[in-house]
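One letter stands for each residue in the lines below.
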Amino acid sequence: MERNKKQERYQRLYDQVEGLMAKSKNELSRMATVNALLHHKMKDFFWTGFYLLQKDGRLCVGPYQGPVACQELAKNTGVCWAAINDQRPVIVGDVNQFPGHITCDSRSKSEIALPVRDRSGNIFGVLDIDSNVYANFDDTDASELTKLLTLITV
Ligand code: SME
């Protein structure tokens, strides 16, 4: 998608999410709402969801939309763990080229994973989005999604 068009779509989404967030202070409800909007409004989002860090250090699936996914991700492996360990968004144009990529569904071709932080800046999970087309994500997605994620924490 063209950069400007993508940015406009994210802006509309941000405004919509902002309005909806006022209705709940529950973070899980907020994540589910953001997730549903992203999945249905953005182009070629094949799987959209959160993985959440547990008290014992495991990374387990949270609210998501799309095909059934891995419930737990092997520690320090794959794209989601890379986003947590590197503390930054990770963009993968071709999942087959990413060492250690965890395949939950072979139809996924490209992916973006972003750390989700609480108000103190501590990472408590990741937003992970898979696309069924190659190279679906770029810096615009990384910056716009990072902005959107600030609306989750209360
Ligand atoms: N590919 C991810 C695993 C989660 S699924 O894509 C839904 C990873 O490598 O961390």
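One can find the structure itself at the top, above this paragraph.
Please read all numbers here as calculations on a predicted model, not as lab measurements. (Residues numbered from 1 in each chain as written. Predicted model: local features only at pLDDT ≥ 70, side-chain atom pairs only at ≥ 80, totals over all residues. Heavy atoms only, no water.)

In the region of the ligand, the neighbouring residues are Trp47, Tyr51, Leu73, Gly78, Val79, Cys80, His101, Ile102, Cys104, Glu111, Asp128 and Asp130. Side-chain polar atom of histidine 101 to a nitrogen atom of the ligand: 3.2 Å apart, as the coordinates give it. For the ligand, a nitrogen atom lies 3.0 Å from a polar atom in the side chain of glutamate 111. For the ligand, the protein covers 99% of the area, taking 310 Å² as the surface of the free molecule. At the level of secondary structure, the elements contributing two or more residues to the shell around the ligand comprise strand 1 (45–53), helix 3 (78–86) and strand 6 (123–131). Of all the elements, helix 3 adds the most residues to the shell around the ligand, at 3 residues. Broken down by class, the residue content of the shell around the ligand amounts to 7 nonpolar, 2 polar and 3 charged. (Near = heavy atom within 4 Å. Polar contact = N/O pair within 3.5 Å; in protein donor to acceptor, adjacent residues only side chain to side chain. Areas by Shrake-Rupley, 256 points an atom, 1.4 Å probe, with all protein chains shown as cover. Helix = DSSP H or I, 4+ residues; strand = E, 2+ residues; numbered from the N terminus. Nonpolar A, V, L, I, M, F, W, Y, C, P; charged D, E, K, R; others polar.)

For the rest of this paragraph, the subject is the side chain of histidine 101. Within the secondary structure, histidine 101 is located in the loop between strand 4 (90–92) and strand 5 (110–117). By relative accessible area, histidine 101 is classed as buried at 16%. In this view, histidine 101 contacts Gly78, Val79, Val95 and Glu111; residues no more than four positions away in its chain are not counted. (Buried < 20%, exposed > 50% of the residue type's maximum accessible area, 1.4 Å probe, protein only. Contact = heavy atoms within 4.5 Å.)

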